[in-house]
Amino acid sequence: MLRQDPDRLSPPPSEHVDVLVVGAGLSGIGTACRLVRDSPGRSFAILESRDAVGGTWDLFRYPGVRSDSDMFTLGYAFRPWRGDRAIAEGAAIRDYIRDTARAFGVDRHIRFGHRVLRADWSSREARWTVTARRLDTGEETRITCSFLAACAGYYRYDAGHTPHFPGADRFRGPVVHPQHWPEDLDWRDRRVVVIGSGATAVTLVPALAESAAHVTMLQRSPSYVAATSAADPLARLLRPLPERLRHCAVRWKNVLVSQAGYQLSRRRPKLMKALLRRGVRTWLPDGFDVETHFTPRYEPWDQRLCATPDGEFFRALRRGDASVVTDRVTAFTETGIALASGAHLDADVIVTATGLTLQPIGGIRLGVDGEEVELGRTLAYKGAMLSGVPNFTLTLGYTNASWTLKADLVARYVCRLLDHLEKTGHAAAVPVAPALPSGEEPDPLIDLRSGYVLRGVDALPRQGARAPWRLHQNYLRDLRLLGRARVDDGHLRFTVATSEATTSPADARG
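Per chain, residues are indexed from 1 in the order of the written sequence. In view of the model being predicted, local features appear only for residues whose pLDDT reaches at least 70, and side-chain atom pairs are presented and counted only at 80 or more, with totals across whole chains, interfaces and linings using the full set of residues. Think of the side-chain values as coming from all heavy atoms in the structure, minus any hydrogens and water.

Things to note about the overall build of the protein
Right, so step 1: Secondary structure follows DSSP: runs of H or I at least 4 residues long count as helices, runs of E at least 2 residues long count as strands, and numbering of each begins at the N terminus. Across its full length, the protein carries 13 helices and 25 strands.
Right, so step 2: Based on C-alpha atoms, the radius of gyration is set beside the globule rule, defined as 2.2 Å times the residue count to the power 0.38. Scaling as 2.2 N^0.38, a compact globule of 510 residues should have a C-alpha radius of gyration of about 24 Å, and the protein matches this with 24 Å.
Right, so step 3: Once the C-alpha set of the protein is aligned to its principal axes, its extents read approximately 70 × 55 × 50 Å.
Right, so step 4: Looking at the protein as a whole, 53% of its 510 residues qualify as buried.
Right, so step 5: Once local pairs closer than 6 in sequence are excluded, the contacts in the protein between residues at least 24 apart make up 70%.
Right, so step 6: Note on areas: Shrake-Rupley, 1.4 Å probe, and residue coverage restricted to the protein chains presented here. Carbon and sulfur atoms make up 49% of the accessible area of the protein, which totals about 22,300 Å².
Right, so step 7: The average position of the 68 basic charges and that of the 58 acidic charges among the side chains of the protein differ by 5 Å. Only protein chains enter the area calculation, which uses a 1.4 Å probe; residues under 20% of their type maximum are buried, those over 50% are exposed, and those in between are partly exposed. Note on contacts: a residue pair qualifies if any of its non-hydrogen atoms lie within 4.5 Å across the two residues. We score Asp and Glu as negative and Lys and Arg as positive, and we do not count His or the chain ends. Charged side chains are reduced to one point each, which is NZ for Lys, CZ for Arg, CG for Asp and CD for Glu.

Here's the deal with unusual backbone geometry
Right, so step 1: In the segment running from Ala467 into Pro468, the intervening peptide bond is cis, with an omega of 5°.
Right, so step 2: As for its position among the elements, Pro468 is in the loop between strand S24 (462-463) and helix H13 (475-483).
Right, so step 3: Even without being a glycine, Asp310 presents a positive backbone phi close to 55°.
Right, so step 4: Residue Asp310 is classed as partly exposed on the basis of its relative accessible area, which comes to 38%.
Right, so step 5: Although it is not a glycine, Lys382 adopts a positive phi angle of roughly 55°.
Right, so step 6: In this fold, Lys382 is placed in the loop between strand S19 (380-381) and strand S20 (385-386).
Right, so step 7: Residue Lys382 is classed as buried on the basis of its relative accessible area of 2%.

Remarks on the sheet that holds strand S15 (residues 344-346)
Right, so step 1: Strands sit in the order S13-S14-S15 across an open sheet of three strands; the sheet is antiparallel. Looking along the sheet, the strands with just one partner apiece sit at the ends: strand S13 (329-332) and S15. In this sheet, neighbouring strand axes are inclined to one another by 25° on average, regardless of whether the strands run parallel or antiparallel.
Right, so step 2: The sheet contact formed by strand S14 (residues 336-339) and S15 spans three bridges and is antiparallel. Note that in S15 the partner of Gly336 across the bridge is Asp346. A pair of strands is considered paired only if DSSP assigns at least 2 bridges between the two. A fitted line through C-alpha atoms represents every axis, and for helices the fit uses only the stretch in contact; the resulting angles, taken between N-to-C directions, go from 0 to 180 degrees.

Some words on the packing of aromatic side chains
Right, so step 1: In this analysis, rings of Phe, Tyr and Trp, with Trp reduced to its six-membered ring, are considered paired at centre separations within 6.5 Å, and the interplanar angle assigns stacked below 30 degrees, edge-to-face beyond 60, and tilted for intermediate values. Evaluated as defined, the whole model comprises 20 aromatic pairs.
Right, so step 2: Judged by centre distance (6.1 Å) and plane angle (55°), the ring pair of Trp128 and Phe392 falls under tilted. One end of the pair, Trp128, is in strand S5 (residues 127-134); the other, Phe392, is in strand S21 (residues 392-394), and 264 residues separate them in sequence. Phe392 shares its class with Trp128; the two are buried.
Right, so step 3: Taken together, Tyr76, Phe78, Trp81, Tyr96 and Phe104 form an aromatic cluster joined through their ring pairs.

Focus on the pairing of S14
Right, so step 1: Sheet topology places S13 next to S14; three bridges connect them, and they run antiparallel. Note on S14: the bridge partner recorded for Ala331 is Ala338.
Right, so step 2: The loop that links S13 with its antiparallel partner S14 comprises three residues.
Right, so step 3: Taking the residues that link successive antiparallel strands as the turn, the S14-S15 hairpin has four residues, and the phi of Gly342 there is positive, at about 100°.

What to know about the confidence of the model for the protein
Right, so step 1: With 92% of its residues at a pLDDT of at least 70, the protein reaches an overall mean of 90.
Right, so step 2: In this model residues 500-510 is a low-confidence stretch, pLDDT under 50, and it forms 19 contacts with partners more than four residues away in sequence or in other chains. The predictor attaches a confidence to each residue, and that confidence, scored 0 to 100, is pLDDT.

Re the pattern of salt bridges
Right, so step 1: Here, a salt bridge means any Lys or Arg side-chain nitrogen found within 4 Å of an Asp or Glu carboxyl oxygen. Under the definition given, this model contains 31 salt bridges.
Right, so step 2: Measuring nitrogen to oxygen at the nearest pair gives 2.7 Å for the salt bridge that ties Asp419 to Arg42. Here Asp419, found in helix H11 (residues 403-424), pairs with Arg42, found in the loop between helix H1 (26-38) and strand S2 (44-48); they are 377 residues apart in sequence, far enough to count as distant.
Right, so step 3: Residue Arg42 is classed as buried on the basis of its relative accessible area, which comes to 19%.
Right, so step 4: Across the pair Arg98 and Asp58 runs a salt bridge, and its minimum N-O distance is 2.9 Å. One end of the pair, Arg98, is in helix H4 (residues 90-103); the other, Asp58, is in helix H2 (residues 56-59), and 40 residues separate them in sequence.
Right, so step 5: The class for Asp58 is buried, based on a relative accessible area of 5%.
Right, so step 6: Each of Arg50, Asp58, Arg61, Arg94 and Arg98 takes part in a single network of salt bridges with overlapping partners.

Description of a nonpolar patch on the surface
Right, so step 1: Taken together, the side chains of Trp252, Leu256 and Leu476 present a nonpolar region at the surface, about 260 Å² in accessible area.
Right, so step 2: Taking relative accessible area as the criterion, Trp252 reaches 31% and is therefore assigned partly exposed. To count toward a patch, a residue needs a relative accessible area above 30% and no salt bridge. Like charges then connect within 9 Å, nonpolar side chains (Val, Leu, Ile, Met, Phe, Trp, Tyr) within 5 Å.

Have a look at this one:
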């Protein structure tokens, strides 16, 4: 542990809020709205490093960008999604987030251009001192808060992941990463190669193919791809019902269907693989090499399943506007990409849909009473708090379902915890991790085998063997764990605003 200079905690900032939310994306706006709705009267502020509301859905502007979760679960439970279209375009999601912020008045609490650098907790004062840099002036500013909610996602906003490609400087055309799509990029009537096989690539290929001369998806290894319905038939059927009743029915249907699909994948992987392959074959022409291009080496849901609404990806392949090549890059050339097989892909534009760079809690450095917190050495409590870190939550959505389902549960838990602290007269709550059996190591917090997860897994918190220290990726279980179980469950230590006045987990139940 690195000890921080205690003097950096001493100059008291001039401003204090009850709750400080980091991030004005889907999670941060949802958390702020929950505070207004479920725990009113508390002062709060939102610090956002960029200059707009929307987070991911404002940042990503590549062609065809859309949700891969249905909007009845990706949208907020407290503000129903009104359309029939379950899979929405990025601009529609961005507008929905902004409209929600305005409807609840939380947009007035956002401070744009504030990048949070670090946060230091003082047990004596029972408060965080948060240091942020103003991107317009470069000056550092401080604000204190009683509770800190990190809603900044899990990847770096300023840089996507692009592996080193030999000869990349030789290619005469543009090379772009989807995370920072140039507004002036022209791909009409040009040959485009998209490197990657994940959700972004599956989205980009049909969108680019509408006007490109041809689009080739170059993948090192295949992913599972499944066609879904862009419009929800149940939502259309229930349109005569009151809005909230319709929204609730469709939302729960989608929760249960997605959970059933995930459980089937885990318990009967051979059956799920057969069903997915059969689905691909129904969309593609006879003779298409499904075994090579759409049969991954891993089990379903070892990586996130790629969805293509109304089979648009498969339609582009069937029309001949796009193709799939499974091979490895040897080098970029002046006119395209040389492959390990000896083949050459001619290209005018290359898109590196090669993933994200993992950065938990927005890269914020945490300190508790002068000790640096190493995220990789903490255990996640209920998938929402960190062992040894008081009055702090982080939001990590589900990997097997809609992000917002988990984000909203965490936001509701924040309100429940704040209300409990106020009711019991405590100032802080800190999760106390159980001792691990000798020789046992905690597991990674995210169990996906996607490249971006494996590259950054050591920077993430860990998880224990059982609840509430185990992340089950199960909304129904988390609904009870975060939404209904006792706050004083014996795993939290509650304190007041002096270093001596503490209570043990067992004593903190009253």
